[in-house]
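Close look at the chain arrangement
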Amino acid sequence: LFHVCSSYLTIMVVSSLADLTDAQKQELVASLSAIVVGTSGADVTADSLTTVATASGNSLSGAWASVFAQVVGKVSSWPHNVGKHLIIL
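Structural notes on the packing of helix H1 (residues 22-40) against helix H2 (residues 46-55)
Relative to each other, H1 and H2 sit at 105°, their axes nearing to 9 Å. Judged by the inter-axis angle, H1 sits roughly perpendicular to H2. Facing H1, whose interface residues are Val-29, Ala-30, Ser-33, Ala-34, Val-36 and Val-37, H2 presents Ser-48, Leu-49, Val-52 and Ala-53. When grouped by side-chain class, the residues that make up the contact of H1 with H2 number 8 nonpolar, 2 polar and no charged.

This is how it looks when you write it as structure tokens:
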């Protein structure tokens, strides 16, 4: 999974969710939720990220939701079609 975090690119190879730490699971859920919300054209807020995470059968802590919403909100050039530029392996 490739995702943009602040100003650098992180590569996370996920072969099993069981191998992830709780922090890695939260980051993955937050990242994927941000992609879903961002590509829908909706505002990326902590509430919208939490709603998407819950709808997908996952949970997202308020802290992770807030951090991701703030980061996305600060990136002025965040494209609405960011999902098309990501490769999920």
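What follows picks up the thread again.
Brief notes about the layout of surface pockets
Each pocket or cavity is described by its volume, and for the second largest pocket that value is around 190 Å³. Of all the secondary-structure elements, those providing two or more residues to the lining of the second largest pocket are H1 and H2. Tallying contributions element by element places H1 first for the lining of the second largest pocket, with 6 residues. Residue composition of the lining of the second largest pocket, grouped by class: 7 nonpolar, 3 polar and 1 charged.

Details of the packing of H2 against helix H3 (residues 62-74)
Closest axis-to-axis distance for the H2/H3 pair is 8 Å, and the angle between their directions is 125°. Judged by the inter-axis angle, H2 sits oblique to H3. In terms of crossing hand, the pair formed by H2 and H3 is right-handed. Two secondary-structure elements touch here, H2 through Ala-46, Leu-49 and Thr-50 and H3 through Ala-65, Ser-66, Phe-68 and Ala-69. In terms of residue class, the contact of H2 with H3 is made up of 5 nonpolar, 2 polar and no charged.

Description of the confidence of the model for the protein
For the protein, per-residue confidence averages 78 on the pLDDT scale, and residues scoring 70 or more make up 70% of the total. When pLDDT is averaged over each element of the protein, H2 comes out on top at 95 and strand S1 (residues 2-5) at the bottom at 47. For the stretch residues 1-7, pLDDT sits under 50, and the model shows 22 contacts to residues farther than four places along the chain or on other chains.

Criteria and cut-off values
- Residues numbered from 1 in each chain as written.
- Predicted model: local features only at pLDDT ≥ 70, side-chain atom pairs only at ≥ 80, totals over all residues.
- Heavy atoms only, no water.
- Axes fitted to C-alpha atoms, helices over the stretch in contact; angles between N-to-C directions.
- Helix = DSSP H or I, 4+ residues; strand = E, 2+ residues; numbered from the N terminus.
- Parallel < 35°, antiparallel > 145°, perpendicular 65-115°, else oblique.
- Contact = heavy atoms within 4.5 Å.
- Nonpolar A, V, L, I, M, F, W, Y, C, P; charged D, E, K, R; others polar.
- 1 Å grid on protein atoms, 1.4 Å probe; cavity = no way out; pocket = protein on both sides within 12 Å on 5 of 7 lines; lining within 4 Å.
- Points joined across faces, edges and corners; volume = space filled by probe spheres on them.
- Left-handed = near helix turned anticlockwise from the far one by under 90°.
- pLDDT = per-residue confidence, 0-100.

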